[in-house]
Amino acid sequence: MMAAGAAAHSEHGRHIALAMQKIGKGLLPAYRIRDEDKLYRIAELLDIDTLGKEMLEVAYDVATKTLEDYQNQDHHKGCHWISATLPDKRVDLLSRLGALPHNIDATVSQIMARTHIGCDAEPKNVFLGGIRGALADFNGMSLATELSDVMFGTPSPVVTEANIGVIDKDAVNIAVNGHNPLLSEIICDIARDMNDLAKEAGAEKGINIVGICCTGNEVMMRHGVPLATNYLSQEMAILTGALDAMVVDVQCIMPSLPQVGNCFHTEVITTMDENKMQGARHISFHEQNAVETAREVIQCAINAFTRRDPNKINIPNVKQTAVVGFSSEAVITALSNLDAVDPLKPLVDNIVNGNIQGVALFAGCNSTQTVQDESYQIIAKTLAANNVLLLATGCGAGAFAKHGLMNQQATEQYAGDSLKAVLTQIGDAAGLNGPLPLVLHMGSCVDNSRAVTLATALANRLGVDLCDLPVVASAPEAMSEKAIAIASWGVAIGLPTHLGTIPQVTGSDVVTELMQEGAKDLFGGYFIVETDPKIAGNKLVEVIKAKRQGLGI
Ligand code: CUV
C-alpha cells in the first residue's frame, strides 16, 4: 500500500514536472508561470544557478532537476526534494536508518520486488523498506505541490462555499473530480469564455464549476470554486439531477459513476488515457491540446444541460461558507502583519506561552467503515476546545468545509479562549475583520507537504527535530493506499499519527508492535490506532501535553 500510494502521488508529480519542463521550452501555450517569485525560491532551494538566465530557462532547470528524483541511480544521494524540505536532523536520522529514498521509481519498484513471494521476510526490514516508499511518496507530493504553485499560483485565502447545495439549478453544472489540476485549471479559464454559450442554451446563470475530492481542493483554493462534496458522496452530486457533467482525472474516482450518470442526463467524462471507466465518455487529455479538451468537455456539459429532466432535480439546500487557501506562504503572510521582520515569532511565542497548545494536521479520506465526516468533526472540536491549532487537507478538508468548520463562526463557537484570541489577533491584523477560520484549509492530498513546510520552519526556529514539536497528525477515515503512505511518512518524519480505521496489519502482533512502539524508537513518530473519535481526540490532547513537557514549555 505504501508503494501504491507513492506511485500515485509521484505519477501526479511527474506529470506536473514534465509539463513544467515543456513550459520552459515554450511548448505549452495554454500554460504559463504564474508565481515567478516562488520559481526563484525553489531554484535557490534546489541549488540551481539562475544568474543571467531567462525565467523560462529557470523553469526548465527546476523541472529537470526535479525529474532527477525519478532517475538518480546513486544510492548514497537522497532525493533532492526530501533533503531540501525536511530539517537537517531528520534527514540525517533517515539516512542513518537507510530510509531515505534515492529515486522514487526505483523505490516503488524495489518494494514490489521485495514483497514478491519468497523475498524479504524480516518484519523490521520490510517495514523500513515500506517507509522508504512512504518517504518517496512525501518527495513526490512535495514536488507536485510546489511546482503546481509555480504554474498555477500559490494559494491565498479566498471565501467560497461547500456542500451539495453549491450545485445551481439555473446553471450548467460541471463537477471536476480527481486530483491533478492540469486540466481543471484550463477548464476554469475556458468556462469564462464559454459562459454565453451556456446562457444561450437556457442556463440563466451560465456555467457553474464545482469541485469534488482533491481536484476540487485544487481549484477551490486557487479560484474559489465551490466544493460540492468529498470522496464518499461523489455519486450524490449526480443524484441532484442537475449535474450536467462530471469530468474526472485520476485517483479516488468511483467506477460506479457512469452507471449513476446513466440514470440521469449526466455526462461522466474520463480524460486520462490510463484511467478509463466502462460506460464513461473518454476525451483524451494531453497538455498540448488542453484548451481544445476543455472546450469539448464544457460543450458536452452544455449539450447535456438541454437534456435535463426537470422532474428529477432535487438539490438539497445545504451549504456552508468556507475560507480556504492557507498555503504555508499565506500563513506566513498573515503572521507578518503582526511581525513583519520575524513572521514566525508570533506563532512561536504563542506556542511557547501555551496560548496555542499544539498543532494538528487532519489528512486523508472518507471510509465506508465510518459515518462520513463524523469523526473529523468530533476530534477537531475536542482539539480546538483544548487550544490546538487545526490544519486540514484532502477529503478531511472537504469534511470541515462542508460542515462549517472552515469559517469564522466556527472559531467563535468551538475554539478555546486562548486559541480564539490568537486567531482573532492574526485575522484582524490580516484585515479579515475577525478570526481566522477554526480549521485552516491547506489544500489537496499532495498539499500535506505544506503542513510539513510549516512544521519544519517551526522546528528549525526552535532548534529541535520534528518529533520534539507538539504537532500531531490524524487520518480518522484513512482508506486509500495514498492515505497509508501519507500516514507512514508522517510517522517517519516524527509525528504521532492517529488512524481512525484499522490498517490491515493486525493479524501480526510483531508488525502491530513495530508500527506503534518500534516506530517510536526508530523515528520518534508512531501510529495511534483508535476508532472511537472521542477517545482519539483526548489521546491526541495528551500526546500534545507530553510533547510540551518534553520541550519544557
Ligand atoms: Ni486526495 S486519497 S479519498 S483524501 S481524494 Fe479523498 Fe485524498 Fe482520495 Fe483519500
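Residues numbered from 1 in each chain as written. Predicted model: local features only at pLDDT ≥ 70, side-chain atom pairs only at ≥ 80, totals over all residues. Heavy atoms only, no water.

(A) Structural detail: the confidence of the model for the chain. Scored by pLDDT, the chain comes out at a mean of 97, with 100% of its residues at no less than 70. With a pTM of 0.97, the predicted complex shows an ipTM of 0.95. (pLDDT = per-residue confidence, 0-100.)

(B) Spotlight on the pairing of strand E3 (residues 207-212). With six of six residues buried, E3 is to be regarded as a mostly interior element. Across the two faces of E3 the burial is the same, with Ile207, Ile209 and Gly211 and Asn208, Val210 and Ile212 all buried. Bridge count between E3 and strand E4 (residues 227-229): two bridges; the pairing is parallel. Paired with isoleucine 212 across the strands is threonine 229, a residue of E4. With helix H10 (residues 213-223) bridging E3 and the parallel E4, this β-α-β connection has right-handed handedness. (Buried < 20%, exposed > 50% of the residue type's maximum accessible area, 1.4 Å probe, protein only. Helix = DSSP H or I, 4+ residues; strand = E, 2+ residues; numbered from the N terminus. Pairing = 2+ DSSP bridges. Right-handed = clockwise from strand over helix to strand, strands pointing away.)

(C) Seen up close, the sheet that holds strand E11 (residues 439-443). Across the sheet, which stays open at both edges, the six strands sit in the order E11-E10-E9-E12-E13-E14 with parallel pairing between neighbours. Each of the sheet's edge strands pairs with one partner strand only, and the pair in question is E11 and strand E14 (526-529). Mean inter-strand twist for the sheet, computed between neighbouring axes without regard to direction, equals 25°. Inspection of the sheet shows strand E13 (residues 496-499) paired to E14 by four bridges, in the parallel sense. Directly across from histidine 498, in E14, lies its bridge partner isoleucine 528. (Axes fitted to C-alpha atoms, helices over the stretch in contact; angles between N-to-C directions.)

(D) Quick look at the domain arrangement of the chain. Here the chain is partitioned into domain 1 (1-152), domain 2 (164-306) and domain 3 (324-551). Put simply, the middle of domain 1 and the middle of domain 2, counted by C-alpha atoms, are 30 Å apart. For the pair domain 1 and domain 2, the summed buried surface comes to about 1300 Å²; carbon and sulfur atoms form 57% of the total. Of all residues in domain 1, His15, Tyr31 and Phe152 give up the largest surface area on contact with domain 2, accounting jointly for 42% of the area buried on that side. Connecting domain 1 to domain 2 are six residue pairs in polar contact (both at pLDDT 80 or more). Secondary-structure elements contributing two or more residues to the side of domain 1 that touches domain 2 are helix H1 (2-24) and helix H7 (123-152). Grouping the amino acids of the side of domain 1 that touches domain 2 by side-chain chemistry returns eight nonpolar, four polar and three charged. (Domains from an automatic or database assignment. Buried area = accessible area lost by both parts, 1.4 Å probe. Polar contact = N/O pair within 3.5 Å; in protein donor to acceptor, adjacent residues only side chain to side chain. Nonpolar A, V, L, I, M, F, W, Y, C, P; charged D, E, K, R; others polar.)

(E) Quick peek at the packing of H1 against helix H6 (residues 104-114). Packing of H1 against H6 leaves a shortest axis separation of 10 Å and a crossing angle of 155°. When the axis of H1 is compared with that of H6, the two are roughly antiparallel. Handedness of the crossing formed by H1 with H6: left-handed. The segment H1 lies against H6, with Ala3, Ala6, Ala7, Ser10 and Arg14 engaging Ile104, Asp105, Val108, Ile111 and Met112. (Parallel < 35°, antiparallel > 145°, perpendicular 65-115°, else oblique. Left-handed = near helix turned anticlockwise from the far one by under 90°. Contact = heavy atoms within 4.5 Å.)

(F) Spotlight on unusual backbone geometry. Not every positive phi belongs to a glycine, and aspartate 47 is a case in point at roughly 60°. One can find aspartate 47 in the loop between helix H2 (36-45) and helix H3 (55-67). Accessibility expressed as a relative area gives 66% for aspartate 47, which makes it exposed. Here the phi dihedral of cysteine 213 falls at roughly 55°; this positive angle occurs in a residue that is not glycine.

(G) Seen up close, the coordination of the nickel atom of the ligand. Surrounding the nickel atom of the ligand are the protein donor atoms His179 (NE2), Cys214 (SG) and Cys445 (SG), which sit 2.2 to 2.3 Å from the metal. The coordination sphere of the nickel atom of the ligand comprises four donor atoms, whose angles at the metal cover 74 to 144°; the geometry is irregular. Along the chain, the residues donating to the nickel atom of the ligand fall in the pattern H-x34-C-x230-C. With cysteine 214 in helix H10 and cysteine 445 in the loop between E11 and helix H20 (448-462), the pair connects residues that are 231 residues apart, well separated along the chain. (Donors = N, O, S within 2.8 Å, 3.2 Å for Na, K, Ca; no water. Tetrahedral: all angles 85-135°; square planar, octahedral: opposite > 155°, others 65-115°.)

(H) Molecular detail of the packing of aromatic side chains. For the coordinates displayed, the defined rule picks out five aromatic pairs. On the basis of an interplanar angle of 55° and a centroid distance of 6.4 Å, the ring pair of phenylalanine 362 and tyrosine 376 is categorised as tilted. Of this pair, phenylalanine 362 sits in strand E9 (residues 358-362) while tyrosine 376 sits in helix H16 (residues 374-385), and the two are 14 residues apart along the sequence. Each member of the aromatic cluster is reached from another via a ring pair, and the members are Phe362, Tyr376 and Phe400. Directly above the ring of tyrosine 60 sits lysine 25, whose terminal nitrogen or CZ lies 4.4 Å from the centroid. In this structure, lysine 312 is placed above the aromatic ring of phenylalanine 264, and the distance from its NZ or CZ to the ring centre is 5.4 Å. (Phe/Tyr/Trp six-rings, centres within 6.5 Å; stacked < 30°, edge-to-face > 60°. Lys NZ or Arg CZ within 6 Å of the ring centre and 35° of its normal.)

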